[in-house]
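The lines below spell out each chain.
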Amino acid sequence: MSRIHSFWKFLGHYKYLIAIVVGVAIVGFLDENSYTKRIQQKAQIDELREEIAIYDKRNKADSLLLDKLERDPKAIEKVARERYFMKSDDEDIFVLSDEIRN
């Protein structure tokens, strides 16, 4: 009986400290808005911002290319030759390679 009595006495004496520690543990580690989840979400936000920067650069480059294609017919020809390997009717294309075959 003395163990139970001493346990209740301990709880009664430190009840506010125990409540604060349990509350901080729940909010800090177990809650939906916990500190650990906040760190994970901050890392995810940083990754998404980097991705946004990459897409912004790509969008800017593509917008410049589109603007150039709308204005200059030679730019259309250049893109067709470089990306799609197109040629005009009066020319031949030779593909050179540094590869040595046995």
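Given the structure is predicted, the values throughout are model-derived calculations rather than measurements.

Let's talk about the overall build of the protein
Here's step 1: Check the secondary structure of the protein and you find 4 helices and 0 strands.
Here's step 2: Helices and strands in the protein line up, N terminus first, as α-α-α-α.
Here's step 3: For a compact globule of 102 residues, the expected C-alpha radius of gyration is about 13 Å, and the protein comes in at 34 Å, more than 25% above that figure.
Here's step 4: For the protein, buried positions account for 5% of its 102 residues.
Here's step 5: A total of about 10600 Å² of accessible surface is found on the protein, and carbon and sulfur atoms cover 59% of it.
Here's step 6: Of the side chains in the protein, 18 bear a positive and 19 a negative charge, and the two mean positions are spaced by 15 Å.

Focus on the packing of helix H3 (residues 35-71) against helix H4 (residues 73-84)
Helix-helix packing is characterised by the crossing angle of the two axes and by the distance between the axes.
Here's step 1: Here H3 crosses H4 at 120 degrees, and the two axes come no closer than 5 Å. On the basis of their axis angle, the class for H3 and H4 is oblique. In contact with Leu65, Lys68, Leu69 and Arg71 of H3, H4 contributes Pro73, Ala75, Ile76, Val79 and Arg83.
Here's step 2: For the contact of H3 with H4, the residue count by class is 6 nonpolar, no polar and 3 charged.

Notes on the confidence of the model for the protein
Here's step 1: The predicted model of the protein has a mean per-residue pLDDT of 86, with 97% of residues at 70 or higher.
Here's step 2: Looking across the protein, the model is least confident in H4, with a mean pLDDT of 83, and most confident in H3, with 94.

Considering the pattern of salt bridges
Here's step 1: Under the definition given, this model contains 3 salt bridges.
Here's step 2: Here Lys42 makes a salt bridge to Asp46, at a shortest N to O gap of 4.0 Å. Taken together, the residues Lys42 and Asp46, both in helix H3 and 4 residues apart, mark about one turn of the helix.
Here's step 3: Arg71 is the salt-bridge partner of Asp67, the closest N and O atoms lying 3.4 Å from each other. Placement of the pair is Asp67 and Arg71 together in helix H3, with a separation of 4 residues, close to one helical turn.
Here's step 4: With a relative accessible area of 32%, Asp67 lands in the partly exposed category.

With respect to a nonpolar patch on the surface
Here's step 1: A cluster of nonpolar side chains, Val22, Ile26, Val27, Phe29 and Leu30, forms an exposed patch at the surface whose accessible area comes to about 520 Å².
Here's step 2: Looking at where Ile26 falls in the secondary structure, it is placed in helix H2 (residues 15-30).

Analysis parameters
- Residues numbered from 1 in each chain as written.
- Predicted model: local features only at pLDDT ≥ 70, side-chain atom pairs only at ≥ 80, totals over all residues.
- Heavy atoms only, no water.
- Helix = DSSP H or I, 4+ residues; strand = E, 2+ residues; numbered from the N terminus.
- Rg over C-alpha atoms; globule rule 2.2 N^0.38 Å.
- Buried < 20%, exposed > 50% of the residue type's maximum accessible area, 1.4 Å probe, protein only.
- Areas by Shrake-Rupley, 256 points an atom, 1.4 Å probe, with all protein chains shown as cover.
- Lys, Arg positive; Asp, Glu negative; His and termini not counted.
- Charge placed at Lys NZ, Arg CZ, Asp CG, Glu CD.
- Axes fitted to C-alpha atoms, helices over the stretch in contact; angles between N-to-C directions.
- Parallel < 35°, antiparallel > 145°, perpendicular 65-115°, else oblique.
- Contact = heavy atoms within 4.5 Å.
- Nonpolar A, V, L, I, M, F, W, Y, C, P; charged D, E, K, R; others polar.
- pLDDT = per-residue confidence, 0-100.
- Salt bridge = Lys/Arg side-chain N within 4 Å of Asp/Glu carboxyl O.
- Patch = residues over 30% accessible without salt bridge, like charges linked within 9 Å, V, L, I, M, F, W, Y side chains within 5 Å.

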